[in-house]
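Structural overview
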Amino acid sequence: MNGVTLSPSPPDGVDVVLPCLDEAEALPWVLARIPAGWRALVVDNGSSDGSAEVARGLGATVVHEPRRGFGAACHAGLTAATAEVVCFCDCDASLDPSLLEPFVREVRAGGADLVLGRRRPRGRGSWPAHARAGNLALARLLRRRTGLRLHDLGPLRAGRREALLGLGLTDRRSGYPLEMVVRAADAGWRITEHDVPYLPRTGASKVTGTWRGTWQAVRDMSRVLNDVPVREGVPR
């Protein structure tokens, strides 16, 4: 499969963490869009549809994380990564991982410490109204907490591995992406945001596809905003 390798990434390479729960149908599309020379780390979070076998058959490196939770899967991938730069992307075909290439260039050039993708819906049903409203509310709370004028807390992002590990992230549920941004902001990181197309996902959403899932995600993230203290001296 183009761009996917089983061998460890070189120190100056790129690892893409792909949290995965029953995404066998979407995996071929996602993995085909991993940039050449990068490594795909598919973190299987207890799939029952053979996702791990599909990913392995397509050449991805599979990491198993039995603890359920988006944050648990993301952090397992970050811990397993060996590359200098680590990216994150959903595994449901809603986001194209090839869009991460300019993110990585910006990190390597020193223009930013953390680069985020601002999702722009493409196609009917790509981003339900309740999910979009929840995201907007959280972005406003984040601005109040950190001063960052971000519009989205989406999963497409890139940063340096050692620095990300140094943030000491503890959330293992839906609050993980927000905790990363809050801790990075408190540490004085340069955080940038760029528009990316957001496509209708393949399969059913596990988090924001329902009002209940959206409420749970908002509750997790609101708790992060309230609980994460300002930390001094976090390494860049």
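Read on for an overview of the structure. Remember, predicted model here, so these are calculated numbers, not experimental data.

1. A few points about the nonpolar core
Counting residues in each nonpolar core, the largest one holds 35 residues, and the members touching the most others are Leu-114, Leu-164, Trp-189 and Ile-191. Those elements that place two or more of their residues in this core are strand S2 (39–44), helix H3 (70–80), strand S4 (85–88), strand S5 (114–121), helix H5 (129–146), helix H6 (161–166), helix H7 (176–186) and helix H8 (211–227). The dominant element in this core, judged by the number of residues it contributes, is H7, at seven residues. Not counting the four nearest positions on each side in its chain, Ile-191 is found in contact with Leu-114, Leu-116, Leu-148, Leu-150, Val-181, Ala-184 and Ala-185. Ala-40, Ala-52, Val-196 and Tyr-198 belong to the second largest nonpolar core, which has 33 residues in total.

2. Re the pairing of strand S1 (residues 14–20)
Burial of S1 is extensive: seven of the seven residues sit out of reach of the surface. Side chains Val-14, Val-16, Leu-18 and Cys-20 of S1 all project onto a buried face; the interleaved residues Asp-15, Val-17 and Pro-19 project onto the opposite face, where all are buried too. Sheet topology places S1 next to S4; four bridges connect them, and they run parallel. Each bridged residue has a counterpart across the sheet, and for Val-14 the counterpart in S4 is Val-85. Looking at chain direction, S1 and S2 are connected through six bridges and run parallel. Bridge pairing links Leu-18 to Val-42 in S2.

3. Remarks on the pattern of salt bridges
When the charged atoms of two side chains with opposite charge come close together, those side chains can pair. Under the defined criterion, the tally for this structure stands at ten salt bridges. Asp-152 is the salt-bridge partner of Arg-119, the closest N and O atoms lying 2.8 Å from each other. In this pair, Arg-119 sits in strand S5 while Asp-152 sits in the loop between H5 and strand S6 (157–160), placing the two residues 33 residues apart along the sequence. Owing to a relative accessible area of 13%, Arg-119 belongs among the buried residues under this scheme. One continuous salt-bridge network, built from bridges that share partners, spans Glu-84, Arg-108 and Arg-160.

4. Side note on helix H4 (residues 101–108)
For H4, every residue scored as buried is listed here: Phe-103, Val-104, Glu-106 and Val-107. Burial along H4 is one-sided: seen end-on, the buried residues are contained in an arc of 160°. Where H4 ends, the next residue or the one after it, Gly-110, has phi of about 85°, a positive value.

5. Quick word on the packing of aromatic side chains
Considering all chains together, one arrives at zero aromatic pairs under this definition. Over the aromatic face of Tyr-198 sits the side chain of Arg-119, whose NZ or CZ is 5.1 Å from the ring centroid.

6. Here we look at the environment of Leu-167
Residue placement: Leu-167 occurs in the loop between H6 and H7. A C-alpha to C-alpha distance of 9.2 Å links Leu-167 and Glu-179, two positions twelve residues apart in sequence.

Conventions adopted
Residues numbered from 1 in each chain as written. Predicted model: local features only at pLDDT ≥ 70, side-chain atom pairs only at ≥ 80, totals over all residues. Heavy atoms only, no water. Core = buried A, V, L, I, M, F, W, Y, C linked by side-chain atoms within 4.5 Å. Buried < 20%, exposed > 50% of the residue type's maximum accessible area, 1.4 Å probe, protein only. Helix = DSSP H or I, 4+ residues; strand = E, 2+ residues; numbered from the N terminus. Contact = heavy atoms within 4.5 Å. Pairing = 2+ DSSP bridges. Salt bridge = Lys/Arg side-chain N within 4 Å of Asp/Glu carboxyl O. Arc of directions from axis to C-beta. Phe/Tyr/Trp six-rings, centres within 6.5 Å; stacked < 30°, edge-to-face > 60°. Lys NZ or Arg CZ within 6 Å of the ring centre and 35° of its normal.

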